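These are the residues of each chain, in order.
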Protein chains: 4
Amino acid sequence: MRSNYLARLRTRLYPVVFQNDTFAGKLFDVALLVVILLSVITVILESVSYLNQRYFTQFRNMEWVYTILFTLEYLLRVWVYPKPKRYIFSFFGLVDLISVLPTYLSLFILGTQYFLVVRVLRLLRIARIFKLTHFLKEGRVLTTALRASLPKILVFIGTVMTLVIIIGSVMYVVEGAENGFTSIPKSIYWAIVTLTTVGYGDIAPQTPLGQFLAGLVMLLGYGIIAIPTGIVTVEIANVNRQPDNPGLSSTALFCSNCLKQNHEAGAKFCNNCGSPL
Amino acid sequence: MRSNYLARLRTRLYPVVFQNDTFAGKLFDVALLVVILLSVITVILESVSYLNQRYFTQFRNMEWVYTILFTLEYLLRVWVYPKPKRYIFSFFGLVDLISVLPTYLSLFILGTQYFLVVRVLRLLRIARIFKLTHFLKEGRVLTTALRASLPKILVFIGTVMTLVIIIGSVMYVVEGAENGFTSIPKSIYWAIVTLTTVGYGDIAPQTPLGQFLAGLVMLLGYGIIAIPTGIVTVEIANVNRQPDNPGLSSTALFCSNCLKQNHEAGAKFCNNCGSPL
Amino acid sequence: MRSNYLARLRTRLYPVVFQNDTFAGKLFDVALLVVILLSVITVILESVSYLNQRYFTQFRNMEWVYTILFTLEYLLRVWVYPKPKRYIFSFFGLVDLISVLPTYLSLFILGTQYFLVVRVLRLLRIARIFKLTHFLKEGRVLTTALRASLPKILVFIGTVMTLVIIIGSVMYVVEGAENGFTSIPKSIYWAIVTLTTVGYGDIAPQTPLGQFLAGLVMLLGYGIIAIPTGIVTVEIANVNRQPDNPGLSSTALFCSNCLKQNHEAGAKFCNNCGSPL
Amino acid sequence: MRSNYLARLRTRLYPVVFQNDTFAGKLFDVALLVVILLSVITVILESVSYLNQRYFTQFRNMEWVYTILFTLEYLLRVWVYPKPKRYIFSFFGLVDLISVLPTYLSLFILGTQYFLVVRVLRLLRIARIFKLTHFLKEGRVLTTALRASLPKILVFIGTVMTLVIIIGSVMYVVEGAENGFTSIPKSIYWAIVTLTTVGYGDIAPQTPLGQFLAGLVMLLGYGIIAIPTGIVTVEIANVNRQPDNPGLSSTALFCSNCLKQNHEAGAKFCNNCGSPL
């Protein structure tokens, strides 16, 4: 009887914990979102030494509250999911585990101040909540466009990496250690800082020739930023143009004969079966 | 009799104060624009301590002239507007009130040097004047495009915020307080400075691992700027392509014969079936 | 007789000096280009105090050679041009005059070291030479696109100016003079440096609240750069799509009946007169 | 007999060394890629004085291993290629030679620490390997787009160079040597640093007028970055739209019945007249 009751409870809890199309499911997600955000804010504020000295006990207590809540939620998910192993070794299952482990480990391991920063990865848990909402379709447009531009972007990044290594080596020779270009890795770091137009100024060329070359690198960086922008823009436009995209018009119809989608604007005949549209 | 005269005056003043299609209305707007700009320039120059010490009295007097003019204008608007309460609690009504209050309050409250900066919000009053001009339609294209890209931009900003928090936390661990990354909030600040390619250089990684990670962040920031640009470009192109856009003609109609849409501006005959539009 | 000879010479020299479709005209332009570039390089190198101390006499002599050449050229242009006054008061006529005046004036006025920099404006004279070449059509595409985007860009710049003044005023209050934000103009300067992602780091927020606000400004600046890029991209695409653009296909035909150009891709009937294409 | 055997070997080795459509060819390329990357990493790490002092002997030995391998490969390529001279004086032939020369020369020439950096050019050899892979077509899209935008980009760069020289000269006069603008070349360097939004902050305007002008330059730089982006975006879109582009199908033909072009990839019937393609 009791196991029967538990089985029913498990079935009932599944849509609450893993979906959000019921009221209870939405409530669960909102509550989780709030706890996650509070816990991340706590981690961030805890790192401010001024606040940490003052409110050390409060931070520790709050952290234990979050950890126990997340632990209960984790156990609930493991119990409720039809195939627990699959959940445990899924991406979000591992993120859920990593979200609670550091606090428990801090009981046994000393000097884990930096180690606790891992808790900031709780932020990734928000992604699961958003995956269920209508923001997903916007994200999907971007993801599709980025995936389509990936090969071109890889070629671009490969070219930039080659450029940056060659520029870094040249500047290492031209400026030398006395002007801050103490090694090729550091010169490559400078080349990235310059080419991406970040420009910290912690390392900057001092010799006329170095400044001349740096000027060329800057103009180059200023120009080549156009390339990824162009690639991504064209791909977003492509995604937008396809009729299964929610941003598009409803005049993109099915062929009533062969059900082919995606007919060209202005097409009068289906280009798959030849019957009139 | 007299109240009758006042009622007529009120009716006559309305188009002068709130519209700009008459000569008097245009004159009123230009005069207002000049006074607003002068008053904002005064606030800005007043903050320069060198000038403030020299021309303290002049600045104070000019400020009182502007304040009295704006007060008269405010009372006029309240009186002239058919439903005064609605004006008073409208956005521009509140901006108009905020534009004059600080000066009066400075009579009663001491040490309000910084408080007076609020007067710079008078700039927002210019928006009302421009809302009446032909610049509006250009602004509307941009506003429409931005509103259409908002959901995608929000997804993008959410991703960037998550990235920036995780990057900031990692760099806090890698670099530590001795290299300026004294807390996670400060590291997040550094991550924003770097990812947006601003690069002040007040905080910069010193360890080889930190510089390597910073290089990755820069390349990432250099790449992801392509995303909002792509989104906005595609939406501006969409707005431009739509026939109700003022940048396109209003003759974009259906052909009554073959129902073809999107006819070229100025077209007299349908270019699909040849029948007159 | 002699004046007749001079008149003939004048007519013959016109295409040499003002056009470039003859061999002599091209030669004249190339020679002029070389002298302009040499003279600008001289001005630039002259400003390097190390070089100036060494080669002071050489620089002065070269400068006089250029000045005399440009003076002869200027007199030739005045003499050859059919309506000399029109040339003298044209844009390029004034630039030509400004190119030679500083050197003569330096004979009478002492301490004109900085004044001589005006000679760098000789660079503008190159524009005339390029106006005659095939680079013009590329430049025209850009100019057309920029002109078309101007009203939108103006709205954008107006918004950015308003933003920058308000942000600057807020940061002046938040950070105050002790952190380098000594006046509102300086704070506005900081706001521009930050919003445009230049980020010198000579003024940088020190308070947590200031750094938080600065982070928002950076993200804003990172986002709004998408707007002018979007505007210009769409306008360049528009210019490119028009058939009188050399970058375009040759399928854009004339209507054989009414000679209307610019028919839509796929049009079967002229949308001006209704006759088949 | 033996020369016959060698000739056969030569013929058999050609596809291994110069192509990658056989298994042996692929293996050769992967092995080469690994050695090139290892050798470049060695050059980079060697420049770190901390590592160089510790592992000097190891670095030198590894370098000789790479050099001997590359030398053998070079001799093999010369021997295998049908017209050796053509290979030796080709771009990649020269790069291959430059990859090995510095190490041998370092035996005879002393103090060549900086000279050895030339070995980093081995990176260019990777380009040959990638030229054979499917990344090529992505690279070709970018190359085609960049070549098409070249004339417009040149006009743009010419304008930027003129701007930068004029801005640099003006700032040299406004700020002067006492604020770091010691010469026009240095001011031009500052103008490039600012216009490209790099913003090191090693040279920054100090006078109010200088800061005002710098603000204008920044806004200008912020605006004109839109231009190359716009140019490249439009050209990438053009390349993407053309049917001979590998990103689009090769079925883009004319309809033999109505001559309509630009049929969708995979279309079997003309969508204008319904006849089979």
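Residues numbered from 1 in each chain as written. Chains lettered and ligands numbered in written order. Predicted model: local features only at pLDDT ≥ 70, side-chain atom pairs only at ≥ 80, totals over all residues. Heavy atoms only, no water.

J.: Account for the overall build of chain A, with residues named and values stated.
T.: Secondary structure summary: chain A contains 11 helices and zero strands in total. In chain A, which comprises 277 residues, the proportion classed as buried is 44%. Taking all contacts inside chain A whose residues are at least 6 apart in sequence as the whole, residues at least 24 apart take part in 54%. As displayed, chain A offers around 14,200 Å² of accessible surface, 69% of which is attributable to carbon and sulfur atoms. (Helix = DSSP H or I, 4+ residues; strand = E, 2+ residues; numbered from the N terminus. Buried < 20%, exposed > 50% of the residue type's maximum accessible area, 1.4 Å probe, protein only. Contact = heavy atoms within 4.5 Å. Areas by Shrake-Rupley, 256 points an atom, 1.4 Å probe, with all protein chains shown as cover.)

J.: Go over the side chain of Gln211 of chain B, please, and point to the residues and values.
T.: Structurally, Gln211 of chain B can be placed in helix α10 (residues 208-224). A distance of 3.2 Å separates the side chain of Gln211 of chain B from the backbone oxygen of Pro205 of chain B, its partner in a polar contact. Not counting chain neighbours up to four residues away, the residues in contact with Gln211 of chain B comprise Lys186 and Tyr189 of chain A together with Glu175, Pro205 and Gln206 of chain B. (Polar contact = N/O pair within 3.5 Å; in protein donor to acceptor, adjacent residues only side chain to side chain.)

J.: Pulling in residues and values, what's your account of the packing of helix α2 (residues 23-46) of chain B against helix α4 (residues 56-80) of chain B?
T.: Residues and elements named next belong to chain B. Two elements in contact, α2 and α4, have axes whose closest approach is 10 Å; the angle formed by their N-to-C orientations is 145°. In terms of crossing hand, the pair formed by α2 and α4 is left-handed. When α2 is examined against α4, the residues Phe28, Leu32, Val35, Ile36, Leu38, Ser39, Thr42, Val43, Leu45 and Glu46 are found in contact with a partner set consisting of Phe59, Met62, Glu63, Tyr66, Leu69, Phe70, Glu73 and Arg77. Looking at side-chain class alone, the contact of α2 with α4 contains 12 nonpolar, two polar and four charged residues. (Axes fitted to C-alpha atoms, helices over the stretch in contact; angles between N-to-C directions. Left-handed = near helix turned anticlockwise from the far one by under 90°. Nonpolar A, V, L, I, M, F, W, Y, C, P; charged D, E, K, R; others polar.)

J.: Can you break down the nonpolar core residue by residue, with the values?
T.: Side chains of nonpolar character tend, in soluble globular proteins, to be buried together. Of all hydrophobic cores here, the largest spans 232 residues; its most connected members are Trp190 of chain A, Trp190 of chain B, Trp190 of chain C together with Trp190 of chain D. Contacts of Trp190 of chain C, omitting those with residues within four sequence positions, involve Tyr200 of chain B together with Ile167, Met171, Phe181, Ile203, Ala204, Pro205 and Ala214 of chain C. (Core = buried A, V, L, I, M, F, W, Y, C linked by side-chain atoms within 4.5 Å.)

J.: Explain the domain arrangement of chain A to me, and be specific about the residues and the numbers.
T.: Here chain A is described as being made up of domain 1 (2-130) and domain 2 (134-240). Here the C-alpha centroids of domain 1 of chain A and domain 2 of chain A sit 38 Å apart. (Domains from an automatic or database assignment.)

J.: Any details on helix α9 (residues 184-195) of chain D? Residues and values, ideally.
T.: Residue and element names in this part refer to chain D. Compared with the 16 Å implied by 1.5 Å per residue over 12 residues, the 16 Å span of α9 between its first and last C-alpha is a close match. Counting buried positions along α9 gives 10 out of 12 residues, so the element sits mostly inside the fold. Buried residues of α9: Ile184, Ser187, Ile188, Tyr189, Trp190, Ala191, Ile192, Val193, Thr194 and Leu195, and no others. Among the residues trailing α9, Thr197 stands out with phi positive, at a value near 60°. (Expected span 1.5 Å × (residues − 1).)

J.: Break down the UniProt feature "transmembrane region" (unreviewed entry) in chain A for me, citing the residues and quoting the values.
T.: Residue and element names in this part refer to chain A. Within the UniProt annotation, "transmembrane region" (unreviewed entry) is assigned to residues 30-52, 64-81, 101-121, 153-174 and 212-234. Between the end C-alpha atoms of residues 64-81 there is a gap of 25 Å, over a span that is 94% helix and 0% strand. Helix makes up 100% of residues 153-174 and strand 0%, with an end-to-end C-alpha separation of 31 Å. (UniProt positions renumbered as here; feature names shortened; annotations may be inferred.)

J.: Now, about unusual backbone geometry: what can you tell me, with residues and values included?
T.: The phi dihedral of Thr197 of chain A falls on the positive side, at around 60°, and the residue is not glycine. Structurally, the position occupied by Thr197 of chain A is in the loop between α9 (184-195) and α10 (208-224).

J.: Kindly report on a positive patch on the surface, identifying the contributing residues and their values.
T.: On the surface, a cluster of positive charge is contributed by Arg241 of chain A, Arg241 of chain B, Arg241 of chain C together with Arg241 of chain D. Locating Arg241 of chain B in the fold gives a position in helix α11 (residues 226-241). A relative accessible area of 54% means that Arg241 of chain B is categorised as exposed. (Patch = residues over 30% accessible without salt bridge, like charges linked within 9 Å, V, L, I, M, F, W, Y side chains within 5 Å. Salt bridge = Lys/Arg side-chain N within 4 Å of Asp/Glu carboxyl O. Lys, Arg positive; Asp, Glu negative; His and termini not counted. Charge placed at Lys NZ, Arg CZ, Asp CG, Glu CD.)

J.: Explain empty space enclosed by the protein to me, and be specific about the residues and the numbers.
T.: Following the criterion strictly, the structure yields one cavity of 30 Å³ or more and no others. Along the wall of the largest cavity there are 17 residues; nearest its centre are Ile225 of chain A, Ile225 and Thr229 of chain B, Ile225 of chain C together with Ile225 of chain D. Split by residue class, the lining of the largest cavity holds six nonpolar, 11 polar and no charged. (1 Å grid on protein atoms, 1.4 Å probe; cavity = no way out; pocket = protein on both sides within 12 Å on 5 of 7 lines; lining within 4 Å. Points joined across faces, edges and corners; volume = space filled by probe spheres on them.)

J.: So what about the pattern of salt bridges? Which residues, and what values?
T.: Residues and elements named next belong to chain A. Applying the stated rule across the entire model yields 32 salt bridges over all chains. The shortest N-O distance in the salt bridge between Asp96 and Arg125 comes to 2.7 Å. A residue pair is termed long-range when its members are at least 10 positions apart, and Asp96 in helix α6 (residues 91-108) and Arg125 in helix α7 (residues 123-131) qualify at 29 residues. One exposure class covers both Asp96 and Arg125, and it is buried. Each of Glu46, Glu63, Arg119 and Arg122 takes part in one network of salt bridges that share partners.

J.: Let's hear about the environment of Asp29 of chain B: which residues, and what values?
T.: All names here are of chain B. Here Asp29 lies in helix α2. Given a relative accessible area of 6%, Asp29 falls into the buried group. Between the alpha carbons of Asp29 and Ser187 there is a distance of 48 Å; along the sequence they are 158 residues apart.

J.: How would you sum up a nonpolar patch on the surface? Please name residues and give values.
T.: Taken together, the side chains of Leu101, Leu105, Leu107, Phe108, Ile109 and Phe115 of chain A define a hydrophobic patch exposed on the protein surface, amounting to about 570 Å² of accessible area. Relative to the assigned elements, Leu105 of chain A resides in helix α6.

J.: Talk me through the packing of aromatic side chains; I want residue IDs and the actual numbers.
T.: Taken as a whole and judged by the stated rule, the model has 36 aromatic pairs over all chains. When the ring of Tyr14 of chain A is compared with that of Tyr81 of chain A, the centres are 6.2 Å apart and the planes differ by 50°; the resulting orientation is tilted. Of this pair, Tyr14 of chain A sits in helix α1 (residues 2-18) while Tyr81 of chain A sits in the loop between α4 (56-80) and α5 (84-88), and the two are 67 residues apart along the sequence. Note on Tyr14 of chain A: relative accessible area 26%, which makes it partly exposed. Linked through ring pairs, Tyr14, Phe18, Tyr74, Tyr81 and Tyr87 of chain A together constitute an aromatic cluster. Note that Arg125 of chain B overlies the ring of Phe70 of chain B, its terminal NZ or CZ placed 4.9 Å from the centroid. The cationic tip of Arg77 of chain D hangs over the ring face of Phe18 of chain D; the distance from NZ or CZ to the ring centre is 5.0 Å. (Phe/Tyr/Trp six-rings, centres within 6.5 Å; stacked < 30°, edge-to-face > 60°. Lys NZ or Arg CZ within 6 Å of the ring centre and 35° of its normal.)

J.: Tell me what's going on with the environment of Leu213 of chain D, and back it up with residues and numbers.
T.: Residue and element names in this part refer to chain D. In this structure, Leu213 sits in helix α10 (residues 208-224). With a relative accessible area of 22%, Leu213 lands in the partly exposed category. Distance in space between the C-alpha atoms of Leu213 and Lys85 is 57 Å, their sequence separation being 128 residues. Aside from chain neighbours lying at most four places away, what touches Leu213 is Val170, Met171 and Val174.

J.: Please give an account of the side chain of Arg77 of chain B that cites residues and values.
T.: All names here are of chain B. Locating Arg77 in the fold gives a position in helix α4. For Arg77, a relative accessible area of 1% puts it in the buried group. What Arg77 contacts, discounting residues up to four positions off in sequence, is Val17, Phe18, Phe28, Leu32, Tyr87, Asp96, Arg125 and Arg128.

J.: I'd love a proper account of the environment of Ile224 of chain B, names of residues and values included.
T.: Along the polypeptide, Ile224 of chain B turns up in helix α10. Given a relative accessible area of 12%, Ile224 of chain B falls into the buried group. C-alpha separation for the pair Ile224 of chain B and Phe156 of chain B, spaced 68 residues apart in sequence, amounts to 9.2 Å. The contacts of Ile224 of chain B, once residues within four sequence positions are left out, are Phe156, Val160, Leu163 and Leu195 of chain B together with Tyr222 of chain C.

J.: Describe in detail the packing of α4 of chain A against α6 of chain A, supporting the description with residues and values.
T.: All names here are of chain A. Interhelical geometry of α4 versus α6 gives an angle of 140° and a closest axis separation of 10 Å. Looking at the two axes, α4 sits oblique to α6. You can see that α4 and α6 cross each other, and the crossing is left-handed. Residues Glu63, Trp64, Thr67, Phe70, Thr71, Tyr74 and Arg77 of α4 form the contact with α6, whose participating residues are Gly93, Asp96, Leu97, Val100, Thr103, Tyr104 and Leu107. Considering only residue class, the contact of α4 with α6 consists of seven nonpolar, four polar and three charged. (Parallel < 35°, antiparallel > 145°, perpendicular 65-115°, else oblique.)

J.: Hey, could you go over helix α1 (residues 2-18) of chain D for me, with residue numbers and the actual values?
T.: Residues and elements named next belong to chain D. With 17 residues, α1 should reach 24 Å at 1.5 Å per residue; the first-to-last C-alpha distance of 24 Å fits that figure. Along its length, α1 reaches its greatest deviation from straightness, about 30°, at Arg12, and the proline Pro15 lies no more than four positions downstream. All of the buried residues in α1 are Val16, Val17 and Phe18. (Bend = angle between axes of the 7 residues up to and from the residue.)

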